[in-house]
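Below, each chain spelled out in residue letters.
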Amino acid sequence: MRIDIVTLFPELCDTFLSASILGRARAKNLFETHCHQIRDYTLNKQKQTDDYPYGGGCGMVLYAQPIADCLRAVQAQCREQGRAAPHIVFLTAAGAPYDEAKARELAQYDAVTLVCGHYEGIDQRVIDAFGDEEVSIGDYVLTGGELASLVVADSVLRLQPGVLAEEKGYQDESYWDGLLEYPQYTRPEVWEGRAVPPVLLTGDHQKIEVWRGEQSRIRTRTRRPDLYDQWCATHPLTELPKWKRGENMRLVKTEEQWQRAAELAAEGRRAVGAPVGTPDVLASLTAEALLPQLLQQHKDGWAFYLHFTKNVPDGMVGVCHRTGRIGCLFVTEVSRGKGIGAKMLDFARKKLPEHTNPTLTVLNTNTRAIALYKRMGWVPAGTEAVYDPAKDAFCAVYCEELRMSYRPPVNDFVSADQQC
Ligand code: ADE
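Enquirer: Would you mind going over the packing of aromatic side chains in detail, with residue names and values included?
Expert: Applying the stated criterion to the full structure yields seven aromatic pairs. Centre to centre, the rings of Tyr-228 and Trp-231 are 6.1 Å apart; their planes meet at 25 degrees, and the pair counts as stacked. In this pair, Tyr-228 and Trp-231 both sit in helix 9 (residues 225-234), three residues apart, roughly one turn of the helix. Neither Tyr-228 nor Trp-231 differs from the other in exposure class; each is buried. Between Trp-302 and Phe-304, the ring centres sit 6.1 Å apart and the planes meet at 15 degrees, which makes this aromatic pair stacked. Neither residue differs from the other here; Trp-302 and Phe-304 are each classed as buried.

Set out below in structure tokens:
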């Protein structure tokens with residue numbers, strides 16, 4: 001890849017690109033960078049690059065001709081190298097927000113040219129004539145586009161093969177998959193009374209991976225709820241537990257699995273609703289009726305899992321990363337009494353480590369479930385809804401939907417993020 005920077009301060013940009021990781025990678029010819037002085041392309045004696053803005057106002061504006069000629073020279077160099085025309089990006093505070101997705105997109109080009117504005121800006125006509133896009137690195141105004149162009153160059157060049165010692169390097173870091181990076185620690189084990197989280201000293205790589213994943217989700221949820229919401233929409237977690245031989249949980253993905261989930265949900269709802277629902281309502285709880293509801297919940301951020309015993313689906317549970325809710329916890333009649341419900345609840349809760357106190361709801365008539373939930377650390381947390389036959393035609397007797405919330409045991413390791 002080749003990155004060109006068109007600027008009034010080429011030495012400044014070149015110094016940065018010659019240092020550290022990028023400098024070493026450039027010396028190994030993993031990419032090329034070229035910084036061009038706009039002033040060299042002026043046609044006036046004074047080598048002036050800016051002029052007063054039409055319409056008045058303070059500050060000066062970079063005029064079109066030197067920038068245009070500089071860009072033509074870069075295009076010609078690319079042609080001579082047999083490259084495609086460079087993708088031209090203007091760095092301006094008025095540009096579209098820059099992010100990791102854009103870095104990955106730019107990293108695919110063979111040649112990218114970054115144009116740095118200065119003073120009050122650049123004549124819009126040269127942007128319109130040459131620019132493929134305008135990009136801003138954040139909602140603040142810099143005195144010039146140099147720092148912004150270096151931010152873009154750095155984030156794009158680090159993605160080039162071989163630049164980071166290990167390819168895996170860039171996948172683990174912040175934003176690789178829409179999550180912020182987990183916290184890192186190095187020696188000593190205890191520094192000024194602060195210990196490294198014990199799990200990192202176990203040498204158990206699987207446990208460490210799980211812990212890091214949890215920390216990433218906790219951080220993202222507390223620091224960047226916007227990123228977290230996006231992540232939840234596309235990432236129902238898929239790592240599954242291994243229990244008894246032949247016993248398994250699977251993420252509901254295929255059409256057949258959705259159908260089975262709808263059948264289980266219908267059976268479960270009928271069983272739970274039997275003591276309180278009218279016969280009409282109970283009869284309406286069919287797989288056909290519940291499938292669209294489950295699919296809508298899925299669109300709203302829920303992931304559903306089926307429990308299998310020897311390849312036969314006999315339980316289901318749903319989790320919502322966005323809200324920290326657990327729901328649709330059902331076990332088929334034949335498989336009840338084997339502890340599957342408890343296992344699935346534990347599984348679902350562990351899917352939501354980023355929610356310190358996940359919630360679920362349960363009908364007050366479902367005393368067996370309430371007793372189980374209490375044994376597993378769930379406590380009543382208010383009433384979600386009240387169903388009164390005088391007002392609600394679907395119920396035969398008065399009942400309440402209770403909210404319960406999980407309270408972790410006090411000696412659980414609590415990260416700095418959870419504390420604040
Ligand atoms: N030039 C001035 N401010 C800028 C910003 N925030 N991003 C990109 N270029 C700029």
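On we go from here.
Enquirer: Can you tell me about the site of the ligand, naming the residues and giving the values?
Expert: Every residue near the ligand is listed here: Leu-91, Thr-92, Ala-93, Val-135, Ser-136, Ile-137, Gly-138, Tyr-140, Val-141, Leu-142, Gly-144 and Ala-148. Ile-137 places a main-chain nitrogen or oxygen 3.0 Å from a nitrogen atom of the ligand. Gly-138 is positioned such that a nitrogen or oxygen atom in its backbone is 3.2 Å from a nitrogen atom of the ligand. Here the ligand, which alone exposes 260 Å², has 94% of that area covered by the protein. The element contributing the most residues to the shell around the ligand is strand 5 (residues 87-97), with three residues. Taken together, the residues that form the shell around the ligand break down as eight nonpolar, four polar and no charged.

Enquirer: An account of unusual backbone geometry is needed here, citing residue identities and associated values.
Expert: Arg-187 connects to Pro-188 through a cis peptide bond whose omega is 0 degrees. In this structure, Pro-188 sits in the loop between helix 7 (168-172) and strand 8 (190-191). Even without being a glycine, Lys-310 presents a positive backbone phi close to 45 degrees. Mapped onto the elements of the fold, Lys-310 is located in the loop between strand 11 (302-309) and strand 12 (312-320). Taking relative accessible area as the criterion, Lys-310 reaches 67% and is therefore assigned exposed. A positive phi angle is found at Asn-311, which is not glycine, with a value near 70 degrees. For Asn-311, a relative accessible area of 57% corresponds to the exposed category.

Enquirer: So, the sheet that holds strand 6 (residues 111-116): which residues are in play, and what are the values?
Expert: A sheet is described by the order of its strands in space; here five strands give the open sequence 2-1-6-5-7, paired in parallel fashion. Lying at the two open borders of the sheet, with one neighbouring strand each, are strand 2 (32-37) and strand 7 (133-136). Averaged over all pairs of adjacent strands, the angle between strand axes in this sheet comes to 30 degrees, irrespective of strand direction. Where strand 5 meets strand 7, five bridges bridge the pair, whose relative direction is parallel. Bridging across to strand 7, Val-89 finds its partner in Glu-133. The strands touched by helix 1 (residues 10-18) within the sheet are strand 1 (2-7) and strand 2, with strand 2 carrying the most contacts at an inclination of about 165 degrees. Against the sheet, helix 3 (residues 64-80) engages strand 1, strand 2, strand 5 and strand 6, with an angle of about 165 degrees to strand 1.

Enquirer: Go over the domain arrangement of the protein chain with me, naming the residues and quoting the values.
Expert: On domain assignment, one finds that the protein chain holds domain 1 (2-169), domain 2 (190-234) and domain 3 (247-406). Taken over C-alpha atoms, the centre of domain 1 sits 55 Å from the centre of domain 3.

Enquirer: Outline the pattern of salt bridges, listing residues and values.
Expert: Between side chains of opposite charge, a pair can form when the charged atoms approach closely. Taken as a whole and judged by the stated rule, the model has 18 salt bridges. Ionic pairing is found between Arg-104 and Glu-100, a salt bridge with its closest N-O pair at 3.4 Å. Here the residue Arg-104 and the residue Glu-100 both occupy positions in helix 4 (residues 100-106), the gap between them amounting to four residues, near one helical turn. Residue classification places Arg-104 among the partly exposed positions, given a relative accessible area of 28%. A residue is classified by how much of its surface remains accessible, and Glu-100, at 17% relative accessible area, is buried. Between Lys-350 and Asp-346 there is a salt bridge; the shortest N-O distance is 2.9 Å. Taken together, the residues Lys-350 and Asp-346, both in helix 13 (residues 340-350) and four residues apart, mark about one turn of the helix.

Cut-offs and rules
- Residues numbered from 1 in each chain as written.
- Predicted model: local features only at pLDDT ≥ 70, side-chain atom pairs only at ≥ 80, totals over all residues.
- Heavy atoms only, no water.
- Phe/Tyr/Trp six-rings, centres within 6.5 Å; stacked < 30°, edge-to-face > 60°.
- Helix = DSSP H or I, 4+ residues; strand = E, 2+ residues; numbered from the N terminus.
- Buried < 20%, exposed > 50% of the residue type's maximum accessible area, 1.4 Å probe, protein only.
- Near = heavy atom within 4 Å.
- Polar contact = N/O pair within 3.5 Å; in protein donor to acceptor, adjacent residues only side chain to side chain.
- Areas by Shrake-Rupley, 256 points an atom, 1.4 Å probe, with all protein chains shown as cover.
- Nonpolar A, V, L, I, M, F, W, Y, C, P; charged D, E, K, R; others polar.
- Pairing = 2+ DSSP bridges.
- Axes fitted to C-alpha atoms, helices over the stretch in contact; angles between N-to-C directions.
- Contact = heavy atoms within 4.5 Å.
- Domains from an automatic or database assignment.
- Salt bridge = Lys/Arg side-chain N within 4 Å of Asp/Glu carboxyl O.

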